[in-house]
Amino acid sequence: MTVESPFLTLGIETSCDDTAVCVLENQRTVLAQGISSQIEEHAPFGGVVPEVASRCHQEALLPLLRRTLEKAGIHNPARQLSLIAVTAGPGLVGSLLVGVMSAKALAQAWEVSLVGVNHLEGHLFANVAVHPSLEPPFLSLIVSGGHTEIVFVRSFGEYELLGETKDDAVGEAYDKVAKLLGLGYPGGPEVDRLAREGDPDAFPLPVPLEHSDEIGFSFSGLKTAVLWVLRRLEKEGKPIPVAHVCASFQKAAVASLVGKVRLAVLRSGVRRVAVSGGVAANSALRNALSALPGVEIFLPPLSLCTDNAVMIAAAGYNIYRRGFFSDLSLSPDPSLPLSR
Ligand code: KG4
Ligand code: ZN
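Residues numbered from 1 in each chain as written. Chains lettered and ligands numbered in written order. Predicted model: local features only at pLDDT ≥ 70, side-chain atom pairs only at ≥ 80, totals over all residues. Heavy atoms only, no water.

Caption draft 1: Spotlight on the domain arrangement of the protein chain. According to the domain assignment, the protein chain consists of domain 1 (8–125 + 305–321) and domain 2 (136–299). A straight line from the C-alpha centre of domain 1 to that of domain 2 covers 28 Å. Contacts between domain 1 and domain 2 engage 17 residues on the former and 19 residues on the latter. Taken together, the two surfaces of domain 1 and domain 2 that pack against each other cover about 1,300 Å², and 70% of this comes from carbon and sulfur. Among the residues of domain 1 in contact with domain 2, Leu120, Leu124 and Cys305 are the three that bury the most area, contributing 43% of the side total. Taken together, domain 1 and domain 2 are joined by three residue pairs in polar contact (both at pLDDT 80 or more). Within the residue set of the side of domain 1 that touches domain 2, elements represented by two or more residues are helix H1 (39–42) and helix H5 (119–128). Grouping the amino acids of the side of domain 1 that touches domain 2 by side-chain chemistry returns nine nonpolar, six polar and two charged. (Domains from an automatic or database assignment. Contact = heavy atoms within 4.5 Å. Buried area = accessible area lost by both parts, 1.4 Å probe. Polar contact = N/O pair within 3.5 Å; in protein donor to acceptor, adjacent residues only side chain to side chain. Helix = DSSP H or I, 4+ residues; strand = E, 2+ residues; numbered from the N terminus. Nonpolar A, V, L, I, M, F, W, Y, C, P; charged D, E, K, R; others polar.)

Caption draft 2: Summary view of the sheet that holds strand S5 (residues 113–118). Sheet architecture is open: five strands sit in the order S3-S2-S1-S4-S5, paired in mixed fashion. Each edge of the sheet is formed by a strand with only one pairing partner; in this case those strands are strand S3 (29–37) and S5. Mean inter-strand twist for the sheet, computed between neighbouring axes without regard to direction, equals 20 degrees. Against the sheet, helix H2 (residues 50–71) engages strand S1 (8–13), strand S2 (18–25) and S3, with an angle of about 25 degrees to S2. Where H5 meets the sheet, it contacts S1, strand S4 (83–89) and S5, and its direction lies at approximately 90 degrees from that of S5. (Pairing = 2+ DSSP bridges. Axes fitted to C-alpha atoms, helices over the stretch in contact; angles between N-to-C directions.)

Caption draft 3: Examining the site of ligand 1 more closely. Around ligand 1 there are 20 residues in total, and Gly145, Asp175, Asp192, Gly278 and Asn282 lie nearest to it. At a separation of 2.8 Å, an oxygen atom of ligand 1 approaches a polar backbone atom of glycine 145. Across the complex, the protein chains shield 89% of the 560 Å² of accessible surface that ligand 1 would expose by itself. Within the shell around ligand 1, the residues separate by chemical class into six nonpolar, 11 polar and three charged. (Near = heavy atom within 4 Å. Areas by Shrake-Rupley, 256 points an atom, 1.4 Å probe, with all protein chains shown as cover.)

Caption draft 4: Looking closely at the nonpolar core. Counting 52 residues, the largest nonpolar core has Val143, Phe249, Val275 and Leu289 as its most contacted members. Listed by contribution, the elements that provide at least two residues to this core are strand S6 (138–143), strand S7 (148–155), helix H6 (170–180), helix H7 (187–195), helix H8 (220–235), helix H9 (242–268), strand S9 (272–276) and helix H10 (283–290). Beyond its immediate stretch of four places on either side in the chain, phenylalanine 249 contacts Ala173, Tyr174, Val177, Val191, Leu205, Leu222 and Val226. Among the nonpolar cores identified, the runner-up in size contains 34 residues, and Leu134, Ile142, Phe156 and Ile312 belong to it. (Core = buried A, V, L, I, M, F, W, Y, C linked by side-chain atoms within 4.5 Å. Buried < 20%, exposed > 50% of the residue type's maximum accessible area, 1.4 Å probe, protein only.)

Caption draft 5: Structural view of the coordination of the zinc ion (ligand 2). Distances from the zinc ion (ligand 2) to its protein donors, His119 (NE2), His123 (NE2) and Asp307 (OD), fall at 2.0 to 2.1 Å. Considering all four donor atoms around the zinc ion (ligand 2), angles at the metal cover 94 to 139 degrees and the coordination shape is irregular. (Donors = N, O, S within 2.8 Å, 3.2 Å for Na, K, Ca; no water. Tetrahedral: all angles 85-135°; square planar, octahedral: opposite > 155°, others 65-115°.)

Caption draft 6: Inspection of the packing of H7 against H9 at higher detail. Remark: H7 packs on H9, axes separated minimally by 7 Å, with the N-to-C direction vectors making an angle of 105 degrees. Put simply, H7 runs roughly perpendicular to H9. Touching Val191, Asp192, Leu194 and Ala195 of H7 are Val242, Ala243, Cys246, Ala247, Phe249 and Gln250, all from H9. Within the contact of H7 with H9, the residues separate by chemical class into eight nonpolar, one polar and one charged. (Parallel < 35°, antiparallel > 145°, perpendicular 65-115°, else oblique.)

Quick look at the structure:
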């Protein structure tokens, strides 16, 4: 009797400021994962510095890879691994290059199949990796530092963009508001935490595109509205009630996201919504979406909301099973579209 060996995917994610590696068995079993965060390096600049990011990836990737393989019990990668899945875009080109070039070199050396993964398809698979019942069709709200969009997943690999932001991504708006308030980087978690202590009605702020019937987002006006509140308080010589400002901003941002999810559900008739990306870690957004009547909400655990390699391996495994793979001509594409 022969025992079928498990299908093991090595996932590599280096699209922005997190170096992440994992070993995934089939679609959902994580054997080991590791993340090397660059937050400390970028914090003094208040945002990601692309040149610093790619240098950090270069330093972090191989030691992280070695540790993760060891933790997963992979002593002979050429024999034990079935696939290498790597983020090919969108993202910062210098950061993507480190992951893609390393993945290609390893795939060639170990003679293992390679698949380039779209980072957004990765975020979408963060939910698939933890919810066995999540099958298409469903809607996917992707909310991160670089993206805010609602995607209709007709089937895996068949994605229709229903709406996206016209300007800033919602995570970017969180980070910019945090910067205006003198909070640390990344600002999202800190604004989220402070908002829980503040009064969301202290400063009535406009809900972006509230009265528009399009599925779309816009966050730069909301950020400017916060700036005007701060300028007014300053002019009046009043102290800045930071928690109240955070709560008021968060109320408007979350109302906009929830409103457009409701609209997308109504228009598409699809009542299952998966939420992912860094802002999916936001407590107010998680609560508000979970309270939507008649809608089934899927959320990843907090560790799979922000960038990670499990989502890339999970997407890569699925893409490979659908019959797609990459050859050694794979190169990073900073603006790779979601639909292939
Ligand atoms: O998905 P991600 O790690 O990277 C991108 O692909 O952009 O998302 C990072 C973004 C940052 O803008 C960060 O401020 C935001 O997610 N974020 C949050 C929270 N945790 C992370 N925003 C609001 N509330 C949070 N709890
Ligand atoms: Zn991301």
